[in-house]
Amino acid sequence: MEQTTQQTDLVKTEQTDFDKEFHPNIVALVCNWCTYTAADLAGVTRLKYPAEIRMIRLMCTGMIDPRFIVESFLRGADGVFIGGCHPGDCHYINGNLKARLRIGGLKALLQGMGIEPQRLALHWIGASEGTEFQKQVKDFVEGIRELGPSGFGVYDSI
Amino acid sequence: MSKPGRFVVAGAGISGVRASLDLAETGHEVVLLDTAPVSGGILLALDRQFPNDHCGMCRMLPMLDRDQSKYFCMRLGMFHKNVTFMPNTEIKEIGGGPGDLKVLLQSWSAKVDPDLCNGCGDCLEVCPVSLPDDLADSLSLRKAIFKPGPNTSPSTLAIDPDSCILCGKCKEVCQTGAITLGPDYEQTLEEKVTAVIMATGVEYFDPGDASMYGYGKYADVITSLAFERMLSSSGPTQGRILRPSDGAPAENIAWIQCVGSRNLRLGADHCSGACCMFALKQAGLSMEKGSRPTIFYMDMRTFGRDWQKYLDRASSSGLRLVRCRPHSLEARNGGGLMLSYSPVPGELIDEHFDLVVLSVGRAPGWKGPDFSDQDGVLVTGGSKRLLDISRSLVSASSVSFRAAMISGSPVQAEQGDSITSQRVKVKSKVLVVGGGPAGLSASLALAGQGISVVIVEKNDFLGGNVSQISDAEARERIRELVRDAEKNQDIEILLKSRPMEFSGTTGNFQTHVLDQQNKGPIIEHGAVILASGGSQSTLPASLVHPKVMTVFDLHRRLDDPEIKEKDLNCLVFIQCFETRTKEKNYCSRLCCPTALRSVEKIRSTHPESRIIFFYRDIMTPGDLEHLYTRARELGAIFIPYQTDIPPKLILEKEQVVVEGFDPYLGEEVKFKADLVGLGSGLGPGSGHELAELFGIRVDREGFLIEADPKWRPVDSGREGIFICGLARNPVSLDEAVDEGRAAAQRAMRLVYNPQARMSVSTARIRPALCSMCGLCWTVCPYFARYPGSKGAMEVDPLACQGCGACVAICPNHASVLEVQGD
């Protein structure tokens, strides 16, 4: 919230620290039942987390097609954050395990494509873990900030 | 087609929520009330549950309306269009008769307007009153204005009227003007309802009252509820395990079981029924965070189906179990506590622990007027019996069905629904496999609601194997169930039959039932309830001897005049005989109570005979604890044994000798037994065959596995197939009847409306793109995919729950997930 206020102020004033900093494009694919609810909880308990993430709610991480991730990078994402239920806690029995398999495989491929595997992260965040959501998102965004722009976007930036 | 009923459910804990959802799902209206400002009860404090350490609460939400409700998580609150939640309310009076009750409700002012409060928390900073937080069981402090649930949404604050001093500071800082501190007002409201369900829950023992183990004096002695909050990331320590005295990380943690329960001095002759598992869970989770746990226990009561395995897992990963009740505890310089205990006679050990957790017992908690005797008032949950979550759900579903029966036949769901207009035709007929107590109670419940039922029973009689394992009273109850079922015109009974072929989609199944001549009808039905039961385990051939029998046989034989007149000098019971071991790793629940009941019977005819019990853990949860106390009063001798040195049976022609080791005497003991009862347990019947036929999961021992052990206890993993009774887990007669009714409730939800609504998000196949590779078939966790006749895969619309796994796996983009109204 603080950052958005600063951003609007930018229009009138000179460059601030915020503007000098690199703001990565982060796509977060989160499951409806656990991580999205945790994000909601983080919101209602007023925990601040970086404004750089763009959250996309899916029913289950098991429906994440690796193409979604590759497409995100092609369209200029600097990082893709995936949040699902803890193993065994999946609302759809085992969707999160399917996601883990796919993302494990995709990480190896990403390296071959020249994308640092750290740009793709998978975390288990339960519905009551608002603080965990905040921590993981913060850490991830910081990590991407240090890595810098991916430079992989071939289409228009998102 | 009748009018929907209207019900009041008192208590919005897990039982109340389940009962409300059940009624709401079948079209009834519910007023759910609680004296607290939020719904959820004890569950607000619990993050993860045994026996799988998962949260999973969302799984109990109705399949349809969860999509329409605003929130997807039960922790945020209770949302259903047919349920009105009334916080800060209690029942004052109930008048009238069943079917037409007049309930007087009294609400008190919330003082914070939920529509205006935005949960900013400015008032929390200015409130001058601090008091121990009930939710964290005094682990942390809260203000008189506080957030009643850690995760509730919207996060409206509430004022505790008992501690508020009306200073008005909160009102001054409130930016939205949500607070009104005027004089307390109480509002009364009369509701005309069909029935009232009381689910008022339990109260936890306060160890401070009896100044047990220095609770209240030493900061590092906390209750299990406080520890639960410590484990939670939304709790006061944000999931870190710390010593409350100095905030240092707690490594050595001790749990002391049975504090305030199983204690005759406190008048608590009952077992709380869940604390052993609760402590095991907490110990397991603390190990994940790097602590070293020790549990001091009396009997490790792992009486659920998977609970023994849970215990085994915990002990193999480093949990230490000590069987004894520690006698004293002292604070130590530099933090921590010194616990003194004596595990074997003559040995006193002092051990240092950073944190001591008291596993506090429970007792029914309702303090208001007792309405339970009134007609039309039904009681469920912890206020009736001390149950764990899954049993509470079963009991609540069973009671909600009984409540719905008062209102007469079921209602038709409204036809024109704005969001889910898509409907599927279903057959309103249910197939029940098994004519034992669970199957019969399910059938009678469904038939009572006008749904036709077909019972398939393999024997040539109804009633199942209950006669094997129960006493005369239980057999009479079963005969009554059988008579009712035989009289009922909606129930068709196929004896000496078995289901052979099963096909179709949810709501439209076809089952070919064959009799002994391999002939029989193909039954078209909407749902199936598997209640195939089980039987007592037979003894191995090496133990065939007239004086050796199972505890169930022995209990029945005690009625024989022959036995009554015979001299019985010594009877020996060996409990957990070849059960709770590697081969058969579950507790059968009924052997301990049955053997203990035998003691009373033996004493009435043979007051002088010796009664010896060799046992591992006596499993008498809840009020069954009386039996154990009574048996000890009657002079039965209890000798614990370990699995590595089990008591030995020496069979001779005329006599049986039992040899064992008594740890209290520290020496070998030998008994010449006139009768030996072996607690060899129960086992499921045709679990594996049924699981294969109906395509559901089964465990190694042959018990059918439910969709979720906690939240969906009678659903199989496949929609439309429900499981109950001994086929699912060892149960008593009462529990089997409850499970049957709970399964009927779940089946009812599916078939009561011939035009069933579809979930708002279901997968669809674009047939032109489908290449029938079958990947979606294998990946679907709900068996909602099958190869269709038109060269493309097809979706079972009622079974599909819209997870989208098929969308991600389909190489041709043929599978799409459609979410309506989003």
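Definitions and cut-offs
Residues numbered from 1 in each chain as written. Chains lettered and ligands numbered in written order. Predicted model: local features only at pLDDT ≥ 70, side-chain atom pairs only at ≥ 80, totals over all residues. Heavy atoms only, no water. Helix = DSSP H or I, 4+ residues; strand = E, 2+ residues; numbered from the N terminus. Rg over C-alpha atoms; globule rule 2.2 N^0.38 Å. Contact = heavy atoms within 4.5 Å. Areas by Shrake-Rupley, 256 points an atom, 1.4 Å probe, with all protein chains shown as cover. Lys, Arg positive; Asp, Glu negative; His and termini not counted. Charge placed at Lys NZ, Arg CZ, Asp CG, Glu CD. Buried < 20%, exposed > 50% of the residue type's maximum accessible area, 1.4 Å probe, protein only. Pairing = 2+ DSSP bridges. Axes fitted to C-alpha atoms, helices over the stretch in contact; angles between N-to-C directions. Parallel < 35°, antiparallel > 145°, perpendicular 65-115°, else oblique. Left-handed = near helix turned anticlockwise from the far one by under 90°. Nonpolar A, V, L, I, M, F, W, Y, C, P; charged D, E, K, R; others polar. Buried area = accessible area lost by both parts, 1.4 Å probe. Polar contact = N/O pair within 3.5 Å; in protein donor to acceptor, adjacent residues only side chain to side chain. pLDDT = per-residue confidence, 0-100. Phe/Tyr/Trp six-rings, centres within 6.5 Å; stacked < 30°, edge-to-face > 60°. Lys NZ or Arg CZ within 6 Å of the ring centre and 35° of its normal. Domains from an automatic or database assignment.

Our focus in this paragraph is the overall build of chain B. When helices and strands are tallied, chain B shows 19 helices and 46 strands. Scaling as 2.2 N^0.38, a compact globule of 822 residues should have a C-alpha radius of gyration of about 28 Å, and chain B matches this with 28 Å. Each of the three principal axes of chain B carries a C-alpha extent, and together these read 80 × 80 × 60 Å. Look at the contacts in chain B between residues 6 or more apart in sequence, and 70% of them connect residues 24 or more apart. With the model as given, the accessible surface of chain B reaches about 32600 Å², and the carbon-plus-sulfur share is 50%. With 88 positive and 99 negative side-chain charges, chain B shows a separation of 3 Å between the mean positions of the two kinds.

Counting secondary structure elements, chain A contains six helices and four strands. Reading the secondary structure of chain A in the N-to-C direction produces α-α-β-α-β-α-β-α-β-α. With 158 residues in all, chain A has 48% of them scored as buried.

What follows covers the sheet that holds strand β2 (residues 53–58) of chain A. All names here are of chain A. Strand order in the open sheet formed by four strands is β2-β1-β3-β4, with parallel pairing between adjacent strands. Both outer strands of the open sheet, β2 and β4 (120–124), are each paired with one neighbouring strand and no more. Adjacent strand axes in the sheet meet at a mean angle of 20° when their direction is disregarded. The pairing of strand β1 (residues 26–31) with β2 spans six bridges and is parallel. Residue pairing in the sheet places Val27 in a bridge with Arg54 of β2. Strands β1, β3 (79–84) and β4 of the sheet are contacted by helix α4 (residues 66–74), whose axis makes an angle of about 150° with β3. Helix-sheet contacts for helix α6 (residues 130–147) involve β1, β2, β3 and β4, and the interaxial angle to β3 is about 165°.

Residue and element names in this part refer to chain B. Where helix α1 (residues 14–25) meets helix α8 (residues 389–406), the axes come as close as 8 Å, and the angle between the chain directions of the two elements is 40°. On the basis of the axis angle, α1 is oblique to α8. α8 is crossed by α1, and the crossing has right-handed handedness. Residue-level inspection shows Ile14, Ser15, Arg18, Ala19, Asp22 and Leu23 of α1 in contact with α8, the latter providing Ile389, Ser392, Leu393, Ala396, Ser397, Ser400 and Ala404. Tallied by class, the residues present in the contact of α1 with α8 amount to seven nonpolar, four polar and two charged.

What follows deals with the interface of chain B and chain A. Contacts between the two partners involve 40 residues from chain B and, on the opposite side, 30 residues from chain A. Here chain B meets chain A over a buried area of about 2800 Å², counting both sides, of which 53% is carbon and sulfur. For the chain B face of the interface with chain A, the top three residues by lost area are B:Arg59, B:Phe72 and B:Ala808, together amounting to 19%. Taken together, chain B and chain A are joined by 13 residue pairs in polar contact (both at pLDDT 80 or more). At four residues, helix α19 (residues 805–809) of chain B tops the list of elements feeding residues into the side of chain B that touches chain A. Looking at the side of chain B that touches chain A residue by residue, the class counts come to 19 nonpolar, 15 polar and six charged.

All names here are of chain B. Looking at chain B, pLDDT values average 89 and 96% of them are 70 or higher. No element of chain B has a lower mean pLDDT than helix α2 (residues 65–68), at 58, and none a higher one than strand β15 (residues 292–297), at 97. Scored below 50 in pLDDT, residues 415–420 makes 14 contacts in the model with residues more than four places away or belonging to other chains.

It is worth spelling out unusual backbone geometry at this point. Residue and element names in this part refer to chain B. Residue Pro51 is reached from Phe50 by a cis peptide bond, and omega for that bond is 0°. Mapped onto the secondary structure, Pro51 falls in the loop between β2 (29–33) and α2. With a phi angle near 55°, Leu166 is a residue other than glycine that sits in the positive phi range. In this fold, Leu166 is placed in the loop between β9 (158–159) and α4 (169–173). Of note in the backbone geometry, Cys258 takes a positive phi value of approximately 55° without being a glycine.

Note: α-helices contain 3.6 residues per turn, so residues at a spacing of three or four share the same orientation. Residue and element names in this part refer to chain B. Burial within helix α5 (residues 224–231) is extensive, with eight of its eight residues counted as buried. Among the residues of α5, Ser224, Leu225, Ala226, Phe227, Glu228, Arg229, Met230 and Leu231 are the ones counted as buried. Residues of α5 that are buried sit in contact with β12 (202–204), β13 (221–223), β14 (252–259), α6 (275–288) and β20 (355–360).

Enumeration over the complete set of coordinates arrives at 17 aromatic pairs over all chains. Aromatic side chains B:Phe227 and B:Trp255 sit 5.1 Å apart centroid to centroid with 85° between the ring planes, which places their arrangement in the edge-to-face category. Of the two residues, B:Phe227 sits in helix α5 while B:Trp255 sits in strand β14, which places them 28 residues apart along the sequence. The burial state of B:Phe227 is the same as that of B:Trp255; both residues are buried. When the ring of B:Phe502 is compared with that of B:Phe509, the centres are 4.8 Å apart and the planes differ by 40°; the resulting orientation is tilted. By the ring-pair criterion, three or more aromatic residues cluster together here, those being B:Phe573, B:Phe613, B:Tyr615, B:Tyr628 and B:Phe638. If you follow A:Arg57 out to its NZ or CZ, it ends over the ring of A:Tyr36, 5.4 Å from the centre. The ring of B:Tyr628 carries the charged tip of B:Arg632 above its face, separated from the ring centre by 4.5 Å.

Moving on: the sheet that holds strand β18 (residues 337–341) of chain B. All names here are of chain B. The three strands are arranged β17-β18-β19 in an open sheet whose pairing can be described as antiparallel. Looking at the sheet topology across the chains shown, the edges are occupied by β17 (328–331) and β19 (349–353). Neighbour-to-neighbour, the strand axes of the sheet open up by a mean angle of 25°, direction not taken into account. Relative to β19, β18 is paired through five bridges, and the arrangement is antiparallel. Pairing of Ser340 across the sheet is with Asp350, part of β19.

All names here are of chain B. In terms of domain boundaries, chain B breaks down into domain 1 (1–109 + 186–201 + 365–411), domain 2 (110–184), domain 3 (204–364), domain 4 (423–535 + 683–756), domain 5 (541–680) and domain 6 (759–819). Put simply, the middle of domain 1 and the middle of domain 2, counted by C-alpha atoms, are 26 Å apart. Every contact between the two is made by twelve residues of domain 1 and, on the other side, eleven residues of domain 2. Taken over both partners, the interface formed by domain 1 and domain 2 buries close to 1000 Å², and the fraction arising from carbon and sulfur atoms is 63%.

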